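Residues per chain, in single letters:
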Amino acid sequence: MSGSSAGRQAAPAEVTGWLAHSFDDFFGNTNTSSSTVPMNALEGSTGRNQHQKKKDLSLPASSKNKVLPRKRAKSSSVDLSCSRSRQNQSQSQDEPWVDKYKPETQNDLAVHKKKTEEVEAWLKMHIFQRQPKQGGSVLLLTGPPGCGKTATIQILVKDLGIQVQEWTNPISLDFTKEDLKSVFGHDSNFHTFPSQAQAALFQDFLLRANKYNKLQMLGESSENDKKLILIEDIPNQFYRDPNSLHEILRRFVRTSRCPLIFIISDNFSGDSNQRLLFPKEILEELCISNISFKPVAPTNMMRVLNRIATIEATMNREKNYAPDRTSLESICRGCSGDIRSAINSLQFSSVKDCSLEDNFRSSKKGSSTLKCETVVSKTRKKKKSDTLENQEIQAIGGKDASIFLFHALGKIIYCKREPLSESEFPQLPSHLSEYHRDTLLIQPEEIVEKSHMSGSMFNLYLHQNYVEFFANIDDVVRASEYLSTADVLCSNWNSRPVMEKYSASVATRGVIHSNTTRAFAQCQGGMGFRPLHKPQWFFINKKYQENCLAAKSLFSSFSLPPECLQTELLPYLAMLTNPMRNQAQIAFIQDVGRLPLKRHFGRLKLETLTDKDSGIPDLFVNYEGDLADVNAMETAVQMEKNKTNKNESDGFPLSSSQCSGNELPCSQPQPIAAQAIMEEDELKIEEYDTD
Ligand SMILES: Nc1ncnc2c1ncn2[C@@H]1O[C@H](COP(=O)(O)OP(=O)(O)OP(=O)(O)O)[C@@H](O)[C@H]1O
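Only a predicted model underlies this, so the values are computations on that prediction, with no experimental measurement involved.

Draft legend 1. Representation of the pairing of strand β1 (residues 138–143). By the criterion of burial, β1 is predominantly enclosed, with six of the six residues buried. Of the two faces of β1, the one carrying Val138, Leu140 and Thr142 and the one carrying Leu139, Leu141 and Gly143 are both buried. Relative to strand β4 (residues 260–265), β1 runs parallel, the two sharing six bridges. Looking across to β4, one finds that Leu141 is bridged to Ile263. Judged from the four bridges that link them, β1 and strand β5 (residues 289–292) form a sheet pairing that is parallel. Counted as the bridge partner of Thr142 is Ser292 from β5.

Written out as C-alpha cells, the structure is:
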C-alpha cells in the first residue's frame, strides 16, 4: 500500500513496471539484486527512482524472452551473457554520472558531516526511541537544489534499515466517480475538482501509509517494521491552499505512528515555498523540526569531482578527456554548490565526441596560446581568459549562479581587494592620491544582477545597512551623497527601468569607494559579523500611504492634495486651540500635524535579514517583485485600506498612526516613537460642538 497504492488509480503503467521488476527472479534474471531490502524499498517507491527503474527495466524487457530459455539451453547462455555484458557496458557508458557515481555510504556523501549526523540523530530519536503514545513527528528538510538532501536520506535509511513509503503525485488527474469511489469506499455525492482530488488522495495516502506496511516483495525481509513517509513531490493544490495541508498535518500528528519527512528545495527568490507551506505558526504548533542544508562546500565538491574524473580517465580513456585541476575548479565555481549540476557539467565537458565540447576546447586552446608581452597585459589577459573560460563552462552546463540578497549585500559591504604593484596599475596623480584604492575582486554590477533584485530595491538595502560598516563620518557623508545621486537617477518613472542599472552601479561603487577602512587589501579583516536588516522604507512608505488616504478622507472638504494637507493644513490646525474638529480628526492632527521639537524620535525596531530571505516583502512579490511596480503596490495598499475603512462603523477611516501600528505583523518594525509622543502629549485640542 502507500504511495504506490495511491498512485495505482492514476498511474497503472508505473505499477506494472514495479511488479514486473519484482518478478524478474521468476523469469530467471538472477543478476537482479533483491537482497538490499531497505534500499529497494526506497527505490521502488520513489518517483524519480521509479523512472530510473523503468529505464533499467526497459533493457531486460527485450532480453526477457532470451533469458527465459537460458535455463533450458545452457549453450546459449554464454552468448547471452556476453551480449548482456556488452549491453551493460554501453549502458554504463551512457549512464548519467550522477547515477553511476551516486553515493553508497555516508562517507561518500558530499554533504557536511554534521548535517548528516543531525538528520541521523532525528531519525533515531523519532523512529527507534519513539514513545508508545507519541504522536507523529514531522521533519522538514530544506536547502538549495542538488545539495544532497535526498541522497542523505537514501543513505541513512539504508544504513538504519528503515523502510520508506514515498508519495508521488498522480500523473493523471482525470478522476472518474468510480475512481474516487474505489479510493474512499463509498459513493461521494460532492463535486470533486481534480485539484481537490489530489489533496484527497494525498490525505488518503497518509492514512494508509500510516496504517499499513509496504507490500512485501519477493526476497524482502518481513522483520523490519521501522518506516517513515517521505514527501518530495508536494501536491500543487497545497500551494494554492496551504490551509488544507495544515489540516491534514494536524490530523496526521494526532493519529500517526511513523514520522513524516518533507523535502523542499529553496529557489533563488528565497524560501517562499517553505514559508507558504510551513509558516512559523504551523512549525510551532505541530512541533515540526527543520534541518536546513547548505550548498555543497567547494572542498567536498572538488573531492567528488576529482574521484569521478580519475576513475573515468582510467576506465574510459578513449572516450573521455581527463580534465585538469583548473577545469574542475571552474566547474566547481560555476555550479553554486549544486553537486548534481557539477557532475553533469563534468560529464558533458569530458566527453570526447561532443562537437560542442570540441568547439569549447578549441576556443580554450586558442585563448591559452596567446602570448602576452608585458606583465600587465599578462595579468589582465589571465583574468580575462579565466572569466571567459568560466562563462563558457557555464554556457555548456553550468548553473545559473544566483546569490541570495544576504550574500550579495555582504559581498558589497565586505568588498574584497587585491594589492597590485605600481608597475601593474597606473597610479593616480599625487593630488588625487587620497582616492587610491587596491583593485576590487568583485564586479558590483554582476552581484546586483545575480541577486535577482531591481537596482533601486538593492539600493534600499544598501542604504539601510552601510552605516554600520563605516568608521569615519566623512566616509558616511561621501557614501550618502552617492546614494542620493543613485536615488535621483531612479526618480523618473519613465526612465527608471533603464536607469536602475546605472543607479545600482553608482550606489554600490560609491559605498565601496567611500569606505576608507576597506580601501586596501591589508585592512580587510577585523570588522566581524554584523547583522543585516530590512529597510525601514517598507514600513515608512506603508505608513505614508495610509496617512495620505486618511488625510484625504478626513479633510475632504478642503479639497487639497494629501501632501499639502499633511505638510501645510494639519500643522496649522494643530496650532489652533479650537480647530472645530471631531474626535477622529483631532487624533489624526495630533499624530501627523505636529513635529516633535522637544522629543527625539527613537529608532524603529529593525527586522533582521536572514541568509535565505528573498528580501522582497510578500506584498511586492505578488506584484512581480520589482520596485518599478511600487506604484501598483501602493495602489494595492490603498485599496486594501479602503476596504477596511468601509467596514468602520463611524464612517471615519483611521490611519494606522492612530492605531500605533498594532495591526502590523510583529515581524515588522513597530512605531515606538510615535506612540511615546502620543503618550506624553502636551498639545491639548479642545473638542468643538457645532450644535
Ligand atoms: N558524493 C555525493 N553526494 C551527494 N550526492 C551525490 C554525490 N555523488 C553523486 N551524487 C548525486 O547528486 C544528486 C544529488 O541530488 P539530491 O536529489 O540528493 O539533491 P537534493 O538536495 O535533494 O535536491 P533536489 O531537491 O533538487 O532533488 C543525486 O543524484 C546523487 O546521486
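Right, picking up where we left off after that structure.
Draft legend 2. Fine view of helix α7 (residues 113–128). With 16 residues, α7 extends 21 Å between its outermost C-alpha atoms, agreeing within 8% with the 22 Å of an ideal straight helix rising 1.5 Å per residue. Within the span of α7, buried status applies to Lys115, Thr116, Val119, Glu120, Trp122, Leu123, His126 and Ile127. Around the axis of α7, the buried residues are gathered within 160° of arc, so they sit on the same side. Buried positions along α7 lie against β1, α8 (149–160), β3 (227–231), β4 and β5.

Draft legend 3. A look at the sheet that holds β4. The strand order across the open sheet formed by five strands is β2-β3-β4-β1-β5, and the pairing between neighbours is parallel. In this open sheet, the two strands that pair with only one neighbour each are β2 (163–167) and β5. Across the sheet, the mean angle from the axis of one strand to that of its neighbour is 25°, orientation sign disregarded. Where β3 lies against β4, three bridges are found, and the strand directions are parallel. Bridge pairing in β4 links Leu230 to Ile261. Contacting β1, β3, β4 and β5, α7 runs over the sheet at an angle of about 160° to β5. Sitting on the sheet, α8 is in contact with β1, β2, β3 and β4, with an inclination near 155° to β4.

Draft legend 4. Broad picture of empty space enclosed by the protein. This structure, assessed with the given rule, holds four cavities of 30 Å³ or more. Roughly 80 Å³ of internal volume is contained in the second largest cavity. Together, Gln203, Leu206, Leu207, Asn210, Ile248, Arg251, Phe252, Thr255 and Ser256 line the second largest cavity. Residue composition of the lining of the second largest cavity, by class: four nonpolar, four polar and one charged.

Draft legend 5. The site of the ligand, seen in detail. Around the ligand, 22 residues are found, and the nearest of them are Asp108, Gly146, Thr150, Ser265 and Arg340. In the model, an oxygen atom of the ligand is placed 3.2 Å from a nitrogen or oxygen of the Cys147 main chain. Measuring from an oxygen atom of the ligand, one finds a backbone N or O atom of Gly148 at 3.0 Å. Surface burial for the ligand is 92%, taken as the share of its 630 Å² of free accessible area covered by protein chains. Where the shell around the ligand is concerned, the elements lending two or more residues are α8 and α17 (339–350). Partitioning the shell around the ligand into residue classes produces twelve nonpolar, four polar and six charged.

Cut-off values and rules
- Residues numbered from 1 in each chain as written.
- Predicted model: local features only at pLDDT ≥ 70, side-chain atom pairs only at ≥ 80, totals over all residues.
- Heavy atoms only, no water.
- Buried < 20%, exposed > 50% of the residue type's maximum accessible area, 1.4 Å probe, protein only.
- Helix = DSSP H or I, 4+ residues; strand = E, 2+ residues; numbered from the N terminus.
- Pairing = 2+ DSSP bridges.
- Expected span 1.5 Å × (residues − 1).
- Arc of directions from axis to C-beta.
- Contact = heavy atoms within 4.5 Å.
- Axes fitted to C-alpha atoms, helices over the stretch in contact; angles between N-to-C directions.
- 1 Å grid on protein atoms, 1.4 Å probe; cavity = no way out; pocket = protein on both sides within 12 Å on 5 of 7 lines; lining within 4 Å.
- Points joined across faces, edges and corners; volume = space filled by probe spheres on them.
- Nonpolar A, V, L, I, M, F, W, Y, C, P; charged D, E, K, R; others polar.
- Near = heavy atom within 4 Å.
- Polar contact = N/O pair within 3.5 Å; in protein donor to acceptor, adjacent residues only side chain to side chain.
- Areas by Shrake-Rupley, 256 points an atom, 1.4 Å probe, with all protein chains shown as cover.

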